[in-house]
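Structure at a glance
Listed below are the residues making up each chain.
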Amino acid sequence: MEYAAYAPDRLAPLCQVPLQSTEAACETVSEAMRQGFHGVHIGNHLGDRDLDDGALTEFLAHCAHEGAAVLVHPWDLPSGPRHARYMLAWLAGMAGETHLTILSLILSGAFERLPASLRLLFAHGGGSFPYLLGRADNAWHRRDLVRADSPHPPSHYTDRFSVDSAVFDPGALRLLVDVMGAERVLLGSDHPFPLGEEEIGRLVRDSALTDREKAAVLGGNAVRFFGLNRLPEGAPAC
């Protein structure tokens, strides 16, 4: 919050919470929202528990009650010799972690229990989820085990969360928008991390998306999702 105060028209802060304690995490979010934060940034799991765990869904429901947006970023990536080479923990591990978390929320029926008002955003274009959605739907239709706790196939729930646009390829961006809808893709850059987009927003601006879709992804969706009053001067709006 102190850092964002240097440029309040440009910087909108998210808080972090001690997810190990649901009560403390909920109290922290409530206090942060009173102080003017726009939401919370969390990892995609807590030890062996994914976000469909009862205590963690309780926290997510509290965020919905408080009107706090939730940004989910993968962490604690797979380790060992198979992931140690060539940044494979980043290239494959991160995408798989996010995919796992989204499917856990869907197939456990967590979205049936969580308020529809929950604003949930997954980094890196939702990991591998959008590109393997057909596989998940096929499994739901064909295997009782997969659909045991979810009354609808995974594609039914794409309106329950958003993703960012950090996919670094125009074809992947087009597929992402086709799967999620342009209104559920927010500008992502991965800046300032090692694999971040060198010129933030260039992928979207140079893409074959329509002008309306570009405006939504480049800024309009973020204004709505994070509950911002307006975009910074010079930024696109939809």
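Details of the structure are given in the entry above.
Attention here is on the structure that accompanies the text. (Residues numbered from 1 in each chain as written. Predicted model: local features only at pLDDT ≥ 70, side-chain atom pairs only at ≥ 80, totals over all residues. Heavy atoms only, no water.)

The subject of this paragraph is the layout of surface pockets. The calculated volume of the second largest pocket comes to roughly 260 Å³. Class assignment for the residues of the lining of the second largest pocket results in 9 nonpolar, 3 polar and 1 charged. (1 Å grid on protein atoms, 1.4 Å probe; cavity = no way out; pocket = protein on both sides within 12 Å on 5 of 7 lines; lining within 4 Å. Points joined across faces, edges and corners; volume = space filled by probe spheres on them. Nonpolar A, V, L, I, M, F, W, Y, C, P; charged D, E, K, R; others polar.)

Let's shift gears to the packing of aromatic side chains. According to the stated counting rule, one finds 5 aromatic pairs in the structure shown. Measuring from ring centre to ring centre gives 5.6 Å for F122 and F161, while their planes differ by 90 degrees; the resulting arrangement is edge-to-face. Here F122 is found in strand 5 (residues 120–122), whereas its partner F161 is found in the loop between helix 7 (144–147) and strand 6 (162–164), with 39 residues between them in sequence. Accessibility classification places F122 together with F161 in one group, the buried group. Look at F225 and F226: their rings are 4.9 Å apart centre to centre, the planes differ by 80 degrees, and that puts the pair in the edge-to-face class. Note on accessibility: F225 and F226 belong to one class, buried. Members of the aromatic cluster, joined through ring pairs, are F111, F122, F129, Y157 and F161. (Phe/Tyr/Trp six-rings, centres within 6.5 Å; stacked < 30°, edge-to-face > 60°. Helix = DSSP H or I, 4+ residues; strand = E, 2+ residues; numbered from the N terminus. Buried < 20%, exposed > 50% of the residue type's maximum accessible area, 1.4 Å probe, protein only.)

Turning our attention to the sheet that holds strand 6. Taken in spatial order, the 5 strands make up an open sheet running 1-4-5-6-7, and their pairing is parallel. The sheet is open, and its two borders are formed by strand 1 (39–43) and strand 7 (185–186), each paired with just one other strand. Most of the contacts of helix 4 (residues 88–107) go to strand 5, to which it runs at about 150 degrees, and overall it touches strand 4 (69–73) and strand 5. (Pairing = 2+ DSSP bridges. Contact = heavy atoms within 4.5 Å. Axes fitted to C-alpha atoms, helices over the stretch in contact; angles between N-to-C directions.)

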